[in-house]
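Here is how the chains run, residue by residue.
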Protein chains: 2
Amino acid sequence: MKKFIISAALVLSAINLSLAQNFSSPDGDLEMSFEVKDSVPMYSLSLNGKKVIETSKLGLELKEQEDLLSGFEILETKESTYDNTWTPVWGETKEIRNHYNELAVTMNQPSTDRKLVIRFRLFDEGLGFRYEFPEQANLVYFVIEEERTQFAMTGDHTAFWIPGDYDSQEYDYTESKLSEIREMFDVALTDNASQEQFSKTGVQTSLMMKTEDGLYINLHEAALKEYSLMNLNLDEENMIFESWLTPDAIGNKGYIQAPAESPWRTIMVSDDARDILASNMNLNLNEPNKIDDTSWIKPIKYIGVWWEMITGKSSWAYTDELPAVKLGETDYTKTKPNGKHAANTEHVKEYIDFAAEHGFDGVLVEGWNEGWEDWFGKSKDYVFNFVTPYPDFDVEEIHKYAQSKGVKMIMHHETSGAIRNYERHMDTAYKFMNKYDYPAVKSGYVGDIIPRGEHHYGQWAINHFLYAVEKAADYKVMVNAHEAVRPTGLRRTYPNLIGNESARGTEFQAFGGSKPNHVTILPFTRLIGGPMDYTPGIFEMDISKLNPDNNSHVNSTLANQLALYVTMYSPLQMAADLPENYMKFPDAFQFIKDVALDWDDSDYLEAEPGDYITVARKEKGGNNWFVGNVNGNDARTSKIKFDFLDNDKEYIATVYSDAADAHYKDNPQAYEIKKYRVNSKSQLSQRSAPGGGYAISIMEAERSETRGLEKL
Amino acid sequence: MKKFIISAALVLSAINLSLAQNFSSPDGDLEMSFEVKDSVPMYSLSLNGKKVIETSKLGLELKEQEDLLSGFEILETKESTYDNTWTPVWGETKEIRNHYNELAVTMNQPSTDRKLVIRFRLFDEGLGFRYEFPEQANLVYFVIEEERTQFAMTGDHTAFWIPGDYDSQEYDYTESKLSEIREMFDVALTDNASQEQFSKTGVQTSLMMKTEDGLYINLHEAALKEYSLMNLNLDEENMIFESWLTPDAIGNKGYIQAPAESPWRTIMVSDDARDILASNMNLNLNEPNKIDDTSWIKPIKYIGVWWEMITGKSSWAYTDELPAVKLGETDYTKTKPNGKHAANTEHVKEYIDFAAEHGFDGVLVEGWNEGWEDWFGKSKDYVFNFVTPYPDFDVEEIHKYAQSKGVKMIMHHETSGAIRNYERHMDTAYKFMNKYDYPAVKSGYVGDIIPRGEHHYGQWAINHFLYAVEKAADYKVMVNAHEAVRPTGLRRTYPNLIGNESARGTEFQAFGGSKPNHVTILPFTRLIGGPMDYTPGIFEMDISKLNPDNNSHVNSTLANQLALYVTMYSPLQMAADLPENYMKFPDAFQFIKDVALDWDDSDYLEAEPGDYITVARKEKGGNNWFVGNVNGNDARTSKIKFDFLDNDKEYIATVYSDAADAHYKDNPQAYEIKKYRVNSKSQLSQRSAPGGGYAISIMEAERSETRGLEKL
């Protein structure tokens, strides 16, 4: 059933020039104010009378043209209401309601006779607004010097932030007061394959904050297309964040042709952190699905030849003999294999067997193609061709074998940041995937971008990332892009964009480890824009067991790893550890095999950024539910009700939890598995260890099956 | 018959460490010397004992690595001789002899244990040398800060130069002493669509010079691939030219992966200017043809819908209504045509009729595709898609009509410098050409390059230009690239590169005019690297007759325009003027119809840069000859012998010459046509007006046909 209501009221400028526009969310709790004061457009936002955003300036600084910052007067304002429910191709819920009140303000700059529209959409859980540049004589082509959108904070809030950067998002989060960002910046800044910062008070979105009077505020953007990514720079004296766009090679921040619009700038706010996680505002601010036939877009649970390279147990490269490779010239058959190349036919077949036996949809293989000997840090343009396998990787044979086992192979395209080279080979590469029945590609953009001087998050690269997704759709290919720009809800428009990394993922657990509470923050930040290919499911936390030369430790308990399949929503879920490690804990592994990938409903039971997240999700088209709890640095007892279950049904709940003595550091593999009889009246009080958590599968059951089980 | 001799002698370093290597050309006239003095590699060059290049340093400055400038010692030297004759797919002569003595010096830099090879090839008419970076442990990937190749002049020579520039070559030549370059630089610098200079003593190659003691010296480069273009910067105090490479967006001048080599640096020298024109050294320094099947590569004589737009009579754009175009969104059928759009079906058919009637192979049409309303100067990325015609251009109908008339259509791809966009559409565009039987494309790169910050002649763009030619070959497409990097003999390796502009072409005669002696310099400079699509054949010199708002004057006589078809060698020759202008002078037009495009032999009869060039060429596979004389600023009488003709044959020579009162400025259309009986004993004394010249067609004839004709 779809509701669809639109009501619009045109209020003429004359009436409004003087007074500010006041405007409320559908439920009336959220109120914004817009005014043009001293010819400068400004807005503010309050929740139930409590200020969320103090009066903040809006506008853009242009290059070689008069700025769009001041000298404005209101020409007209339009108010309207929108209420519509749509069905995502995949997602956390079966349907999504898109309900907002809209205020569109058209301003004129008499000195230049240029028009600028600012469109506000007020949802119950937040505000989205964007700049629109209508078709007009005096503003056609222009270059953005800087966007000057302000977000004025009401105080020295607590923030969960990572350093603002033009090329990397892969940082651990720092929890601090806003006033502490500058002093903590250098500590928060860790090495990465490609990175460039712009200010010691620069931070990235999605930025999660908490106020002293209990408000949760989230700043991000939606529908980033044909524009540069926005960072935020803090003016500490006034506690004002201002937009800071990513420049191109010559320092410009965006080339615009009107008619055009900026991405949406989003402010989510609530006194309940769970509302931030449950919000669909970011998705709703994106355009509807553009892909007509979506029958080929399917969630994927997969394993892969990957973790053994990440840990250093194996290598992507085929040989250690070559100082440099020239594709098409280097003859690998004449080189000495290093004996550590994991992507070989025999080994891949073992993975295929394991996937088939345990019901995984796909097998990812990295390091299958020529070029890994000198792929990184050489500013090498022609680094990969994406279709030439190493001598020990038999594409045809592997394809046939996987097909015979009902398993799909998953392609890997590492670009090494050489975007031109990737685009030159893209058609051939996608055709190759079609030929050998690869439904999805994991693409990578490790290292500095070529063309040199461009950044990962500049308009140039952002244009490419979307180009790759659109082209993939032409070939019915799903894309999971790593090191690409962080998502901003584009998956609604392009549902074949089934995953992104764009944050500090599990590999960092093998590179020295991540903070134990990292996963209690990601859903409040990185995941606001879209799903993450976090690659959970690590059972062996002592990496030296895989590679004696690697003393890294995975800062997580095994139960926590299981919970991630529910808390880190993604239609693409990897079981990242080695098959042999899963075989050591078959009972715990069962949860990874059981857990669903796609959902009819999601119910956020508990949430506090940095501390804990507990969510229950109902599998798509079924009655089974799965619950995940991830816990932060300190032990905590989670108390949940099962009232999300149907009243008239009985279920068997299998609880995978930390053992009493579990701890992410010294005892991560200590877990317990208990079965209970549960229904909608049941309650659970469950302790989670530091860096721990629990996972529950709740399967509908006949009374007969539940006999003898303890009742919760 | 092919000769092939190789003799090699390895002389061990021990013997040579101390003394300089002296080394001669096959005829012994040219001698070079190489030595490592104070650990710095140096060379010099003399002709018959007369110094041409004083001792000059060699080497490269590297980024973040120790330079390759000094600290060298000679490891070994190799001498060899090469003599081989090859057959070009098309060219000025039937066969080309490649005969040189080679000296390869391998040097070691003990402090870094890096090897550098400098390879010298000494031809009778000049020296070519290049840097080679062999595969080695300590020099694999490196970035060039600057190449430091010196060309030390022996005095204050007279030079024919244009300002050194990263983005434009379209300048009039300035004749001056080397010492005068700085003061004349700003005058020599005229506006262009995209340009950036680096020094007031920076000049471009090919640089033609003349010494006071009568030597002609030419500096250029050969086989420019995967490297940045070289300009020359003059140190006036010491009269030393030094290489100055084109930087990328972040200022780097080249990214090299060993094994690799630089382009050849070339020095041609002779006491007879004709030897410079006749030399094949530049071609010989390029690699042999890489295209197996060349049956589809054919010279083309064409007309086109072009000059009427250049003069402003017509427009490329379809409408004047649109401030901005969005391809795929803009609906041209809803816009008002400007009534000046020349590329419309009906008009194009008139051109096809004219081509068919007068025996032209092809018709070029510019402005046929959507996007011309805002194509220039907007830094617009998605500016053309190369396959969508304007509503009034019926591709299918035009294709069928041309086919029925035995005429080929010639494609036009203006990229507006948006290289990424062009590469994204290239396959589709070439397929489109194959579908509609377009054998050749004229591509254009007007305006600043996108990716922004890159230059027309940087390594990035140079990689693209060759990529476009190689990809075109896959589709059996011939390329004529305008605003691309100037040629360096690559046509030997890729004979489908049948033309380039890369210099100030005829269009500038409609933009204010070029110097009358421009065409007496181009063959000594721009044409050294390859043929130019100069688009000659302008009969109406008063541009206001085509467009009342354009008062430009073509600084050339009509006879001079005819001579260009012989003096400006190219397998691609346009008759650029409007059909109606040819119909006013059908007798003169006959020469353009008669003149050949491809040659078995070329005989340079007279040559002095800036003053005059007279050349006789024998048509491929026939006995007819064609002679062209272009004359400079002052009237001159050209005296030529016809001894290039076969002794036993009789010919009819039709001489198209300036009338007695002709002058490029006030009386450009005054010409005479006389027929003579000639044989190998004949001689001609013919006056050419300022900016004038003459053209002769010499057709073998039976005695009976020559009766009554005056004998020369």
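As annotated in an unreviewed UniProt entry, chain A is Glycoside hydrolase family 97 protein from Christiangramia lutea. Of the comments in the UniProt record for chain A, the one headed Subunit (unreviewed entry) reads "Monomer." You can read under Cofactor (unreviewed entry) in the UniProt record for chain A the words "Ca(2+)".

Caption draft 1: Broad picture of the packing of aromatic side chains. Residues and elements named next belong to chain A. Across all of its chains, the model carries 82 aromatic pairs over all chains by this definition. Centre to centre, the rings of Tyr318 and Tyr390 are 5.4 Å apart; their planes meet at 20°, and the pair counts as stacked. Highlighted residues: Tyr318 in the loop between helix H5 (307-310) and helix H6 (345-358) and Tyr390 in the loop between strand E24 (362-365) and helix H7 (395-404), separated in sequence by 72 residues. On the basis of an interplanar angle of 35° and a centroid distance of 5.6 Å, the ring pair of Phe354 and Phe589 is categorised as tilted. Taken together, the positions of Phe354 in helix H6 and Phe589 in helix H12 (residues 586-594) put the pair 235 residues apart, joining distant regions of the chain. No difference in accessibility class separates Phe354 from Phe589, as the two residues are buried. Joined through ring pairs, the aromatic side chains of Trp316, Trp372, Trp375, Phe376, Phe384, Phe386, Tyr422, Tyr445 and Phe465 make up one cluster.

Caption draft 2: Main features of the interface of chain B and chain A. Contact residues are listed per partner, giving 31 residues for chain B and 31 residues for chain A. On the chain B side of the interface with chain A, the three residues burying the most area are Arg424, Arg452 and Trp460 of chain B, jointly 25% of the side's total. Across the chain B-chain A interface, the total number found is 2 salt bridges. The interface formed by chain B and chain A includes 16 residue pairs in polar contact (both at pLDDT 80 or more). For the side of chain B that touches chain A, the elements supplying multiple residues, two or more each, are strand E20 (255-257), helix H8 (419-435) and helix H9 (459-474) of chain B. No other element matches H9 of chain B, which puts 4 residues into the side of chain B that touches chain A. Of the residues assigned to the side of chain B that touches chain A, the class counts are 15 nonpolar, 5 polar and 11 charged.

Caption draft 3: Highlighting the sheet that holds strand E29 (residues 572-574) of chain A. Residues and elements named next belong to chain A. Reading across from one edge, E28-E27-E26-E25-E24-E23-E29 is the order of the 7 strands in this open sheet, with parallel pairing throughout. Since the sheet does not close on itself, it has two edges, and those belong to strand E28 (497-500) and E29, each with one partner. On average, each strand axis in the sheet is tilted by 25° relative to the strand beside it, whichever way the strands run. Packed onto the sheet, H6 meets strand E23 (300-305), E24 and strand E25 (408-414) and runs at close to 150° relative to E23.

Caption draft 4: Molecular detail of a negative patch on the surface. Taken together, the side chains of Asp27, Asp29, Asp124, Asp271 and Asp275 of chain A define an acidic patch exposed on the protein surface. Residue position: Asp124 of chain A is located in the loop between strand E9 (114-123) and strand E10 (126-133).

Caption draft 5: How the structure looks around the side chain of His455 of chain A. All names here are of chain A. With respect to the helices and strands, His455 occurs in the loop between strand E26 (440-444) and helix H9 (459-474). Classification of His455 by relative accessible area gives buried; the value is 7%. Not counting residues within four places of it along the chain, the set of residues in contact with His455 comprises Tyr166, Asp167, Glu196, Thr246, Pro247, Ile449 and Ala461.

Cut-off values and rules
Residues numbered from 1 in each chain as written. Chains lettered and ligands numbered in written order. Predicted model: local features only at pLDDT ≥ 70, side-chain atom pairs only at ≥ 80, totals over all residues. Heavy atoms only, no water. UniProt positions renumbered as here; feature names shortened; annotations may be inferred. Phe/Tyr/Trp six-rings, centres within 6.5 Å; stacked < 30°, edge-to-face > 60°. Helix = DSSP H or I, 4+ residues; strand = E, 2+ residues; numbered from the N terminus. Buried < 20%, exposed > 50% of the residue type's maximum accessible area, 1.4 Å probe, protein only. Contact = heavy atoms within 4.5 Å. Buried area = accessible area lost by both parts, 1.4 Å probe. Salt bridge = Lys/Arg side-chain N within 4 Å of Asp/Glu carboxyl O. Polar contact = N/O pair within 3.5 Å; in protein donor to acceptor, adjacent residues only side chain to side chain. Nonpolar A, V, L, I, M, F, W, Y, C, P; charged D, E, K, R; others polar. Pairing = 2+ DSSP bridges. Axes fitted to C-alpha atoms, helices over the stretch in contact; angles between N-to-C directions. Patch = residues over 30% accessible without salt bridge, like charges linked within 9 Å, V, L, I, M, F, W, Y side chains within 5 Å. Areas by Shrake-Rupley, 256 points an atom, 1.4 Å probe, with all protein chains shown as cover. Lys, Arg positive; Asp, Glu negative; His and termini not counted. Charge placed at Lys NZ, Arg CZ, Asp CG, Glu CD.

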